[in-house]
Amino acid sequence: MENIVIIGNGIAGVTAARHIRKLSDKRIIIISAETDHFFSRTALMYVYMGHMKFEHIQPYEDWFWEKNRIELVRGYVTQVNPEEKKLTIDNVSSLHYDKLIIATGSKPNKFGWPGQDLHGVQGLYSKQDLDLLEVNAPNKEACKRAVIVGGGLIGIELAEMLRSRDIPVTFLVRETSFWNGVLPSGESQMINEHILEHHIDLRLGTNLKEIVSDENGRVKSVIIAETNEEIPCNLVGLTAGVTPNVDFLKDSGIELGRGVKVNRFLETNIKDIYAIGDCAEQHEAIGNRRPIEAVWYTGRMMGETLAQTICGNRIAYNPGHWFNSAKFLDIEYQTYGWVFSERRKEAHEMHFHWRHPEEKICLTVAFHQDSKQFMGINTFGIRMRHELFDRWFNEERTVDFVLEHLADANFDPEFYKKYEADIISKYNADFGTSIKPKKKSLKRIFQFN
């Protein structure tokens with residue numbers, strides 16, 4: 001029986017295991033040093049905030065693994081020997097594989113700041129990080145102030161978590177506006193305002209110089225690079241992005257860049273070794289995507305794709321049109337296609353931006369200046385249908401068509417307020433058009449005959 005070994009029990013590795021089991025009777029072993037069982041990483045914040053218990057974010061019951069003949073090994077892989085097709089676990093035991101899937105995910109970036117390894121300094125990625133947060137910031141009495149370094153999605157999640165326990169937060173963001181390398185300026189400005197309204201001390205254009213220790217080796221303050229201001233704190237959250245977790249592979253002969261180098265079939269340079277998820281790095285980026293994609297749904301898709309290849313149906317990884325979703329405190333964010341920030345967009349990319357005059361709701365649509373072809377959309381506070389945008393991209397629809405049919409794409413519940421008329425009115429004023437919103441049609445949405 002062929003022995004399939006998967007290192008890592010995140011969404012990529014577990015999806016691969018589940019789909020290999022659906023397609024075959026191969027022996028499947030998952031190795032993880034993080035937890036006994038798979039959990040939803042994106043829901044860790046809700047455990048700290050008291051909305052869920054940890055067992056609630058484990059999608060499968062403990063009996064699921066034995067019933068589906070997926071063996072679980074708790075341990076850390078310290079060495080991979082491709083010549084002997086052997087792994088070393090915790091420098092003690094060894095395990096043979098016929099095919100190896102590397103799905104080890106990411107680890108928080110550290111940039112060599114003085115004091116970055118002190119007690120009270122941590123990231124927010126793993127179950128261990130969540131447990132550590134309960135030690136470092138159990139309440140506002142034990143943690144008088146937290147400082148978060150890095151203005152991405154994990155940073156704002158950590159800020160929301162800490163504020164749920166009334167812990168004061170200072171948020172150091174090196175950019176001049178929050179996440180403005182990704183978001184267009186109107187959206188970034190709205191999020192700046194929203195962060196401040198949640199009583200978070202947002203410091204834009206600010207860099208960390210040093211983390212200062214007390215006499216016991218715990219963090220007691222940080223020093224700002226630009227001003228030398230010292231901010232007393234009991235917790236420093238390092239959320240300045242993540243890096244593929246591949247250090248254990250450096251002497252294996254497996255080709256590495258920032259991550260494990262793979263082709264379109266998720267194959268490494270060594271036969272029978274594959275990489276998926278956050279730790280996989282495409283030799284050449286797919287379209288506008290980055291070579292490494294630390295995104296939940298792409299990890300899932302890679303797992304599904306590779307399972308087919310492992311089971312004899314070799315197919316290339318094809319993630320389709322870009323989409324993603326996140327949450328900025330209580331504002332839901334969705335993006336479909338490509339809407340680049342001013343720092344990244346090309347000359348032909350035009351933007352239409354609409355913002356509600358009172359509520360934190362906005363929308364940005366990107367389109368080609370000459371052809372008016374629809375390129376992408378960002379929405380904040382308005383839910384949209386993913387499958388409909390997918391269809392419109394495939395049909396190469398114009399921006400006028402998309403805005404006319406925006407009611408079809410709206411996925412908000414029945415009694416939510418709708419904004420299509422206001423959005424189209426501003427679009428007509430901005431671009432000298434005279435389009436009119438069409439009423440929602442289930443026949444169009446689901447393409448009934």
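1. Side note on unusual backbone geometry
(1) Moving on: Despite not being glycine, His199 has its phi angle at roughly 60°, a positive value.
(2) Moving on: Summarising the element assignment, His199 is placed in the loop between helix H6 (185-197) and strand S12 (201-204).
(3) Moving on: Judged by relative accessible area, His199 falls into the exposed class, the value being 63%.

2. As for the packing of aromatic side chains
(1) Moving on: Scanning the model with the defined rule gives 28 aromatic pairs in all.
(2) Moving on: Where Trp179 meets Tyr333, the ring centres are 6.1 Å apart and the plane angle is 80°; that geometry is what we call edge-to-face. On the criterion of sequence distance, the pair formed by Trp179 in the loop between strand S11 (169-173) and H6 and Tyr333 in strand S22 (residues 331-337) is long-range, its members being 154 residues apart. In this structure, Trp179 and Tyr333 share a single accessibility class: buried.
(3) Moving on: Consider the rings of Tyr297 and Phe323, whose centres lie 3.9 Å apart with planes at 25°: the pair is stacked. Placement of Tyr297 in helix H7 (residues 296-310) and of Phe323 in strand S21 (residues 323-328) is noted, with a sequence separation of 26 residues between them.
(4) Moving on: Judged by its relative accessible area of 4%, Tyr297 falls in the buried class.
(5) Moving on: Three or more aromatic residues joined by ring pairs make a cluster, and in this case those are Phe171, Phe178, Trp179, Phe328, Tyr333 and Phe380.

3. A word on empty space enclosed by the protein
(1) Moving on: Going through the model one piece at a time under the given rule, you end up with 2 cavities of 30 Å³ or more.
(2) Moving on: Within this model, the largest cavity holds a volume of roughly 50 Å³.
(3) Moving on: In terms of lining, the largest cavity is formed by Ala280, Gln282, Ala285, Ile286, Arg289, Arg290, Pro291, Ile292, Glu293, Met302 and Tyr317.
(4) Moving on: Partitioned by chemical class, the residues of the lining of the largest cavity number 7 nonpolar, 1 polar and 3 charged.
(5) Moving on: Here the second largest cavity is characterised by a volume of approximately 30 Å³.
(6) Moving on: Along its surface, the second largest cavity is lined by Pro108, Leu124, Tyr125, Ile154, Leu238, Thr239, Gly241 and Val242.
(7) Moving on: For the lining of the second largest cavity, the class distribution of residues is 6 nonpolar, 2 polar and no charged.

Parameters at a glance
- Residues numbered from 1 in each chain as written.
- Predicted model: local features only at pLDDT ≥ 70, side-chain atom pairs only at ≥ 80, totals over all residues.
- Heavy atoms only, no water.
- Helix = DSSP H or I, 4+ residues; strand = E, 2+ residues; numbered from the N terminus.
- Buried < 20%, exposed > 50% of the residue type's maximum accessible area, 1.4 Å probe, protein only.
- Phe/Tyr/Trp six-rings, centres within 6.5 Å; stacked < 30°, edge-to-face > 60°.
- 1 Å grid on protein atoms, 1.4 Å probe; cavity = no way out; pocket = protein on both sides within 12 Å on 5 of 7 lines; lining within 4 Å.
- Points joined across faces, edges and corners; volume = space filled by probe spheres on them.
- Nonpolar A, V, L, I, M, F, W, Y, C, P; charged D, E, K, R; others polar.

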